[in-house]
Amino acid sequence: LLSGEPAPLSDSSLSVMSVVPARVFESRQAVTVDGRFAGVGRVGAGSFVEVALLGRGGVPASGVGAVVMNVTAVDPSGWGFLTVYPCGSRPEASSLNYVAGGSVAVANEVIAKLSGSGSVCVYSYAETDLLIDVVGYVAASTSTPPTTEPPTTEPPVGGVIVPNVVGLQQGAAM
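Fair warning: this is a prediction, and the values are worked out from it, not measured in the lab. (Residues numbered from 1 in each chain as written. Predicted model: local features only at pLDDT ≥ 70, side-chain atom pairs only at ≥ 80, totals over all residues. Heavy atoms only, no water.)

Participant: Just checking my understanding: could you explain the packing of aromatic side chains for this structure?
Facilitator: The relation between two aromatic rings is expressed through the spacing of the ring centres and the mutual angle of the planes. Scanning the entire structure with this criterion turns up four aromatic pairs. Aromatic pair F25 and F37: ring centres 5.9 Å apart, planes at 35°, arrangement tilted. Here the residue F25 occupies a position in strand β2 (residues 16–26), and F37 occupies one in the loop between β2 and β3 (47–52), the gap between them amounting to 12 residues. Classification of F25 as buried rests on a relative accessible area of 2%. Ring geometry for F81 and Y125: centres 5.5 Å apart, planes at 25°, overall stacked. With a gap of 44 residues between them, F81 in strand β5 (residues 80–85) and Y125 in the loop between β8 (119–124) and β9 (129–139) connect regions that are remote in the sequence. One aromatic cluster is present, built from ring pairs that chain together W79, F81, Y123 and Y125. It is R90 that lies over the ring of Y123; its NZ or CZ is 3.7 Å from the centre. (Phe/Tyr/Trp six-rings, centres within 6.5 Å; stacked < 30°, edge-to-face > 60°. Helix = DSSP H or I, 4+ residues; strand = E, 2+ residues; numbered from the N terminus. Buried < 20%, exposed > 50% of the residue type's maximum accessible area, 1.4 Å probe, protein only. Lys NZ or Arg CZ within 6 Å of the ring centre and 35° of its normal.)

Okay, here's the thing in structure tokens:
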């Protein structure tokens, strides 16, 4: 993008927008796009930081459901991982894995849902410097999300429920 204007990356049913990359978190002595979350110090082992993202780095102040960002662990103190998640209960998952070593930087692109306050939390297993660059966002959904349970047919006389699966006929061997 040369103009700096958001550009849709897909059809209108999935409003993913790119933005000019902007640093929104920098634990080292450096700058961020708006001066917030700059030089805050390393993220401690087994701890998390909460990072406000709405209205920063090209992300609108409202109407955003998720943010696309590059997350980087710099010079971690040991092996471990970062987990990026909507603040609240931390999932048992990693968004980025790293190892210890001098001048090591490991980055990964992450799409993370925002918490109700418009922020994400980043948990670190080992102490590390942390960088976050926003590169896009996903508009908040205005429709009801699809169900994840497949529809079922009424049970036949034998009481067996068969999922509605394309190409599978009731009574056929599974």
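Participant: Sorry if this is basic, but what is going on with the sheet that holds β5 here?
Facilitator: Either a parallel or an antiparallel arrangement is found when strands of a sheet pair, and the pairing is made through backbone hydrogen bonds. Taken in spatial order, the four strands of this open sheet run β3-β8-β5-β6, and their pairing is antiparallel. Bordering the open sheet on either side are β3 and β6 (96–98), each of which pairs with just one other strand. Between one strand axis and the next, the sheet turns by 20° as a mean value, whatever way the strands run. As paired strands, β3 and β8 are joined by six bridges and run antiparallel to one another. (Pairing = 2+ DSSP bridges. Axes fitted to C-alpha atoms, helices over the stretch in contact; angles between N-to-C directions.)

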